[in-house]
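A structural walkthrough
One letter stands for each residue in the lines below.
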Amino acid sequence: MDATGWDARYASRDLIWGAAPNRWVTEIVTGLTPGTALDLACGEGRNAIWLAAAGWTVTGVDFSAVALERAADSARHAAPLSGSVTWRRGDLTTDHPDPVSSDLVLLAYLQLPAEQRRIALRAAAAAVRPDGHLLVVAHHSDTLVDGTGGPRDPDVLYTAEDALADVAGVAEFTVLRAERAERPVDGAPRPALDTVLLLRRG
């Protein structure tokens, strides 16, 4: 969907993805020293707000104005944040973050066809500072056969290996984690299958 389609979807109900942050984000980022963070395709802001509560200085970016309004409202009603969060509207396929600008760059469930995904992931990777981290979480390519939930379009599903190929040559990265991870879903007979990729820039 384009931005208009996502605006309509976000306007149709409250907190489509819920208020709690993604489990892989909390598991991985808890071990990192807070600094500056970019939450790209932040949606309604659940991960950005959690990062700000954990002491990060966060910029949340999304192309849906409705999602950003929801995110800002949630942040205003959150417990006092030890860090801070600001919101910016942008399309990651055309509006790229400044290079070498953030200690953490997060892309959670940005599901795009391969060519658009590669543009977004390379821009995200380029924004990571030396010794900073790139964290990519996505619906895995095996989801349609073995998993629960996620988009039903195989063209927007991908693996950690796909994401690694997308960012190849952007900078020197050390792979800290690259896997298919199972995420239990209440009431579902099978888990959700996620791609989890964590890189540190050298």
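For the structure, check the block above.
Computed from a predicted model, the values in this text were never measured in an experiment.

Section: the overall build of the protein
- Looking only at helices and strands, one finds seven helices and seven strands in the protein.
- When the helices and strands of the protein are read in sequence order from the N terminus, they spell out α-α-β-α-β-α-β-β-α-β-α-α-β-β.
- At 16 Å, the protein has a C-alpha radius of gyration in line with the 17 Å of a compact globule built from 202 residues.
- Structurally, the protein occupies a C-alpha span of about 40 × 40 × 30 Å along its principal axes.

A closer look at the packing of helix H5 (residues 114-126) against helix H7 (residues 160-167)
- As a packed pair, H5 and H7 sit with axes 8 Å apart at the nearest point and diverge in direction by 70 degrees. By the angle between their axes, H5 is roughly perpendicular relative to H7. Considering the relative orientation of H5 and H7, their crossing is right-handed. Along the contact surface, H5 presents Arg-117, Arg-118, Leu-121, Arg-122 and Ala-125, while H7 presents Asp-162, Ala-163, Asp-166 and Val-167.
- Split into classes, the residues belonging to the contact of H5 with H7 amount to four nonpolar, no polar and five charged.

Topic: the pattern of salt bridges
- Applying the stated rule across the entire model yields ten salt bridges.
- In this structure, the salt-bridge partner of Glu-44 is Arg-70, at a minimum N-O distance of 3.5 Å. Of this pair, Glu-44 sits in the loop between strand E1 (36-40) and helix H3 (46-53) while Arg-70 sits in helix H4 (residues 65-77), and the two are 26 residues apart along the sequence. Each member of the pair, Glu-44 as well as Arg-70, carries the same accessibility label: buried.
- The partner of Asp-95 in a salt bridge is Arg-88, and the shortest N-O contact between them spans 3.0 Å.
- By relative accessible area, Arg-88 is classed as partly exposed at 30%.

A look at the pairing of strand E3 (residues 84-89)
- In this sheet, E3 lies alongside strand E2 (residues 57-62) in parallel orientation, the contact comprising six bridges. Residue Thr-59 lies in a different strand from E3, and its bridge partner there is Thr-86.
- Remark: the E2/H4/E3 crossover connection has right-handed handedness.

Looking at unusual backbone geometry
- We note that Val-100 has phi near 50 degrees; this positive angle belongs to a residue other than glycine.
- With respect to the helices and strands, Val-100 occurs in the loop between E3 and strand E4 (102-108).
- Although it is not a glycine, Tyr-109 adopts a positive phi angle of roughly 60 degrees.
- On the secondary structure map, Tyr-109 appears in the loop between E4 and H5.

Quick look at H5
- Helix length check: H5, at 13 residues, gives a terminal C-alpha distance of 18 Å against a target of 18 Å (1.5 Å per residue), a fit within 8%.
- Residues of H5 that are buried include every one of Arg-117, Ala-120, Leu-121, Ala-123, Ala-124 and Ala-125, and no others.
- Where H5 is buried, its residues meet E1, E4, strand E5 (128-139), H7, strand E6 (173-183) and strand E7 (192-201).

Side note on the packing of aromatic side chains
- Evaluated as defined, the whole model comprises zero aromatic pairs.
- Above the face of the Trp-24 ring, Arg-23 is positioned so that its terminal group lies 4.8 Å from the ring centre.
- Geometry around Tyr-158 places Arg-117 over its ring, the cationic atom sitting 4.6 Å from the centre.

Description of the environment of Ala-78
- Within the secondary structure layout, Ala-78 lies in the loop between H4 and E3.
- Taking the C-alpha atoms as reference points, Ala-78 and Ile-49, 29 residues apart in sequence, are found 7.8 Å from one another.

Quick word on the sheet that holds E5
- Pairing is mixed across the open sheet formed by seven strands, whose spatial order is E3-E2-E1-E4-E5-E7-E6. Of all the strands in the sheet, the pair left with one neighbour each is E3 and E6. When the angles between neighbouring strand axes are averaged without regard to direction, this sheet yields 15 degrees.
- When E1 meets E2, the two strands line up parallel, connected through five bridges. Bridged to Leu-40 within E2 is Val-61.
- Set on the sheet, H3 makes contact with E1, E2, E3 and E4; between it and E3 the angle comes to about 150 degrees.
- H7 rests against E5, E6 and E7 of the sheet, and its axis sits at about 35 degrees to E7.

What counts and what doesn't
- Residues numbered from 1 in each chain as written.
- Predicted model: local features only at pLDDT ≥ 70, side-chain atom pairs only at ≥ 80, totals over all residues.
- Heavy atoms only, no water.
- Helix = DSSP H or I, 4+ residues; strand = E, 2+ residues; numbered from the N terminus.
- Rg over C-alpha atoms; globule rule 2.2 N^0.38 Å.
- Axes fitted to C-alpha atoms, helices over the stretch in contact; angles between N-to-C directions.
- Parallel < 35°, antiparallel > 145°, perpendicular 65-115°, else oblique.
- Left-handed = near helix turned anticlockwise from the far one by under 90°.
- Contact = heavy atoms within 4.5 Å.
- Nonpolar A, V, L, I, M, F, W, Y, C, P; charged D, E, K, R; others polar.
- Salt bridge = Lys/Arg side-chain N within 4 Å of Asp/Glu carboxyl O.
- Buried < 20%, exposed > 50% of the residue type's maximum accessible area, 1.4 Å probe, protein only.
- Pairing = 2+ DSSP bridges.
- Right-handed = clockwise from strand over helix to strand, strands pointing away.
- Expected span 1.5 Å × (residues − 1).
- Phe/Tyr/Trp six-rings, centres within 6.5 Å; stacked < 30°, edge-to-face > 60°.
- Lys NZ or Arg CZ within 6 Å of the ring centre and 35° of its normal.

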